[in-house]
Amino acid sequence: MSRQREYYQRLDEPSRRTRLNGMAKGNINIGDEVTIIAMVRRRVTEDLVSVSIPGYNQPHSILDRTSKVSKGRPIELVGDVTHVDGTKVTVNLGIPVTVDAEIVTLKTRYVPPKRKAPLIDKAS
């Protein structure tokens, strides 16, 4: 068994989780597009689907007109990160949803727009 594996087995669960989230925190920033894998709970109407988001203890429904998903199927929710706080990440999925950083997966990094004109006019 490798030293690294032995080290992680000796760590208790809270410190292991903190260490993993600390690594994830550095990878996710405000403005990044991320995905969350949620499980379908049930279809409420023909347009609305109730989903269960891991680590988010509130009911959440999404509009899904195209597919015919059934109960227990995973579904991918995509949103932008609006806040990063320690081990928690807030993602805008129509409403802000705060989940653990280990649940989200980075899809696209935020790249600020490039300026075409300088902010200050040239001296004449």
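Relevant structure appears above.
Predicted, not measured: the structure shown is a model, and the values here were computed from it.

Draft legend 1. Representation of the environment of leucine 77 in the model. You can see leucine 77 is positioned in strand E4 (residues 74-85). Counting along the chain gives 27 residues from leucine 77 to valine 104, while the straight-line C-alpha distance between them is 9.8 Å. Once residues lying within four places of it in the same chain are set aside, the contact partners of leucine 77 are Val34, Thr35, Ile36, Ala38, Val51, Ile53, Ile62 and Leu93.

Draft legend 2. Seen up close, the side chain of aspartate 32. Position of aspartate 32 relative to the elements: it lies in the loop between helix H2 (13-27) and strand E1 (33-43). The exposure class of aspartate 32 is buried, given its relative accessible area of 2%. Within the structure, the side chain of aspartate 32 is placed 2.9 Å from the backbone nitrogen of tyrosine 110, a separation counted as a polar contact. In this structure aspartate 32 touches Asn27, Gly79, Asp80, Val81, Leu106, Thr108, Arg109 and Tyr110, once residues within four positions along its chain are discounted.

Draft legend 3. Region of the structure containing a nonpolar patch on the surface. A cluster of nonpolar side chains, contributed by Val44, Leu48 and Leu63, occupies part of the molecular surface with about 240 Å² of accessible area. Mapped onto the elements, valine 44 comes out in the loop between E1 and strand E2 (48-52).

Draft legend 4. View of the nonpolar core. Counting 21 residues, the largest nonpolar core has Val51, Ile53 and Leu77 as the members making the most contacts within it. For this core, the secondary structure elements donating two or more residues are E1, E2, E4, strand E5 (88-92) and strand E6 (96-100). By residue number, the principal contributor to this core is E1, which donates 4 residues. Beyond its immediate stretch of four places on either side in the chain, isoleucine 53 contacts Ile36, Ala38, His60, Leu77, Leu93, Val97 and Val99.

Here is what the cut-offs are and how they apply
Residues numbered from 1 in each chain as written. Predicted model: local features only at pLDDT ≥ 70, side-chain atom pairs only at ≥ 80, totals over all residues. Heavy atoms only, no water. Helix = DSSP H or I, 4+ residues; strand = E, 2+ residues; numbered from the N terminus. Contact = heavy atoms within 4.5 Å. Buried < 20%, exposed > 50% of the residue type's maximum accessible area, 1.4 Å probe, protein only. Polar contact = N/O pair within 3.5 Å; in protein donor to acceptor, adjacent residues only side chain to side chain. Patch = residues over 30% accessible without salt bridge, like charges linked within 9 Å, V, L, I, M, F, W, Y side chains within 5 Å. Areas by Shrake-Rupley, 256 points an atom, 1.4 Å probe, with all protein chains shown as cover. Salt bridge = Lys/Arg side-chain N within 4 Å of Asp/Glu carboxyl O. Core = buried A, V, L, I, M, F, W, Y, C linked by side-chain atoms within 4.5 Å.

So far we have only geometry, and geometry alone does not tell us how the molecule works.
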